[in-house]
Amino acid sequence: MIAVAFLESISSLLNVAKITDGGMVLKKLKLNIGAKIIMITLVLIVIPMILLGVGTYNISHKIMEEQYESLGKAIGSEVTTIVDRHVEEIERNMNNLSTIPALANVLEDEKEAENIYDIFGRMLESYDIQNLYFATSKGDLYLSSIVEGVNTGTVSVEGVAEKDWYKSAVESEEISWSDAYKDEATGDLVVTVSKSIVRDGAVLGVVGMDISLKTINEIVVSAGASGEVYPIIVDLS
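Predicted, not measured: the structure shown is a model, and the values here were computed from it. (Residues numbered from 1 in each chain as written. Predicted model: local features only at pLDDT ≥ 70, side-chain atom pairs only at ≥ 80, totals over all residues. Heavy atoms only, no water.)

Undergrad: Describe in detail the side chain of T192, supporting the description with residues and values.
TA: Tracing the backbone through its elements, the reader meets T192 in strand 6 (residues 189-199). Here T192 is in contact with Y133, W165, S176, W177, S178, Y181, M209 and D210, once residues within four sequence places are set aside. (Helix = DSSP H or I, 4+ residues; strand = E, 2+ residues; numbered from the N terminus. Contact = heavy atoms within 4.5 Å.)

Undergrad: I'd love a proper account of helix 5 (residues 164-172), names of residues and values included.
TA: If you check which residues of helix 5 are buried, you get W165, Y166 and A169. Buried positions in helix 5, seen along its axis, are confined to an arc of 105° and lie on one side of it. Those residues of helix 5 that are exposed and angled more than 90 degrees off the buried face are D164 and E171. Turning to helix 5, the residues buried within the fold contact strand 1 (131-136), strand 4 (176-177), strand 6 and strand 7 (202-212). (Buried < 20%, exposed > 50% of the residue type's maximum accessible area, 1.4 Å probe, protein only. Arc of directions from axis to C-beta.)

Undergrad: So what's going on with the packing of aromatic side chains? Residues and values would help.
TA: Taken as a whole and assessed by the stated rule, the structure comprises four aromatic pairs. Judged by centre distance (6.2 Å) and plane angle (55°), the ring pair of Y117 and Y142 falls under tilted. One end of the pair, Y117, is in helix 4 (residues 112-126); the other, Y142, is in strand 2 (residues 140-145), and 25 residues separate them in sequence. Under the relative-accessibility criterion, Y142 is labelled buried at 1%. (Phe/Tyr/Trp six-rings, centres within 6.5 Å; stacked < 30°, edge-to-face > 60°.)

Undergrad: Now, about the pairing of strand 6: what can you tell me, with residues and values included?
TA: Consecutive residues of a regular strand have side chains that alternate between opposite faces of the sheet. Most of strand 6 is tucked away, with eight of its 11 residues classed as buried. With two bridges connecting them, strand 4 and strand 6 associate as antiparallel partners. Bridge pairing in strand 6 places W177 opposite V193. Bridging between strand 5 (residues 181-182) and strand 6 involves two bridges; their strand directions are antiparallel. Paired with Y181 across the strands is V190, a residue of strand 6. Hairpin geometry of strand 5 and strand 6 is characterised by an intervening segment of six residues between the two adjacent antiparallel strands and by a positive phi of about 80° at G187. (Pairing = 2+ DSSP bridges.)

Undergrad: Give me unusual backbone geometry: which residues, what numbers.
TA: In this structure, D200 is a non-glycine residue whose phi angle is positive, near 55°. Among the structural elements, D200 can be located in the loop between strand 6 and strand 7.

Undergrad: Run through the layout of surface pockets, naming residues and quoting values.
TA: Within this model, the second largest pocket holds a volume of roughly 530 Å³. In this structure, the second largest pocket is lined by 17 residues; those nearest its centre are N131, Y133, Y181, D183 and D210. Mapped by element, the contributors of at least two residues to the lining of the second largest pocket are strand 1, strand 2 and strand 5. Considered class by class, the residues forming the lining of the second largest pocket number nine nonpolar, three polar and five charged. (1 Å grid on protein atoms, 1.4 Å probe; cavity = no way out; pocket = protein on both sides within 12 Å on 5 of 7 lines; lining within 4 Å. Points joined across faces, edges and corners; volume = space filled by probe spheres on them. Nonpolar A, V, L, I, M, F, W, Y, C, P; charged D, E, K, R; others polar.)

Undergrad: Any details on the nonpolar core? Residues and values, ideally.
TA: Core analysis: the biggest nonpolar cluster contains 28 residues, and L97, L103, F120, L132, F134, V207 and M209 have the highest contact counts within it. At six residues, the largest contribution of residues to this core is made by helix 4. Look past the residues within four positions of L97 in its chain and what remains in contact with it is L103, I119, F120, M123, L132, V207 and M209. (Core = buried A, V, L, I, M, F, W, Y, C linked by side-chain atoms within 4.5 Å.)

Undergrad: Break down the confidence of the model for the protein chain for me, citing the residues and quoting the values.
TA: Chain-level pLDDT for the protein chain is 75 on average; 59% of the residues reach the 70-or-more range. Within the protein chain, the lowest mean pLDDT, 45, falls on helix 1 (residues 2-19), and the highest, 94, falls on strand 1. In the predicted structure, residues 1-11 sits below a pLDDT of 50 and forms four contacts with residues beyond four places in sequence or in another chain. Low pLDDT, under 50, characterises residues 16-22; the predicted model gives this stretch four contacts beyond four residues in sequence or across chains. (pLDDT = per-residue confidence, 0-100.)

Undergrad: An account of the environment of L103 is needed here, citing residue identities and associated values.
TA: Following the sequence through the fold, L103 ends up in helix 3 (residues 101-105). Between the C-alpha atoms of L103 and N115, which are 12 residues apart in sequence, the distance is 8.9 Å. Dropping the residues within four chain positions of it, L103 is found in contact with L97, S98, I116, F120, F134, I197 and V207.

Undergrad: Kindly report on the pattern of salt bridges, identifying the contributing residues and their values.
TA: Considering all chains together, one arrives at two salt bridges under this definition. Notably, a salt bridge pairs D118 with R122, separated by 3.0 Å at the nearest N-O pair. Within this pair, D118 and its partner R122 are both found in helix 4, separated by four residues, close to a single helical turn. Given a relative accessible area of 46%, R122 falls into the partly exposed group. The partner of K214 in a salt bridge is D188, with the nearest N and O atoms 3.5 Å apart. Here the residue K214 occupies a position in helix 6 (residues 213-222), and D188 occupies one in the loop between strand 5 and strand 6, the gap between them amounting to 26 residues. (Salt bridge = Lys/Arg side-chain N within 4 Å of Asp/Glu carboxyl O.)

See the structure below:
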């Protein structure tokens, strides 16, 4: 229909040109024909190409969004699995540690301290732990550490039962995780994992371990997660 109308328009303009005297009128008619040809070209070719380009861009953009969303979910799931496994390993070690007889017996027999330090030393060598300690209800602290400058051994700590990591372990009666905080000795962000030692309903003390969040970050990266991985710490409280 457009092509027929275009031909009829040209025929009409040519007829007018034949019966019109004067070159100026003929020149104007030629200009009108040129303008109409350009308009038809725009309608038939250029505009559809523009619309096709816009439609293609929207489709491509949507596909890319879906691919990035899928990739993000895959990476997030991979990272979550890696971190969950590490957390499970930490809690398994803490449960095993809390059942060691030496921790409960040291209150009655100081010689058990040697067994405590032997066990602590082997755990520090085998796992990514900065500090391992047992605080008794009497205020004695048995501490082993891989951090330079930290005084290890047995010391008396005044008010140890008022420490957050101690109170949270006693109150929860399960494994307790502290909020992240800056370690004074290393300057790293760390979390404290602790659990109370209970015998016959009485709290004998709390065993704890300090773990650097840098360690968790290194585990995620070394696991080969696709692309760049940027762990984010979220305080759910």
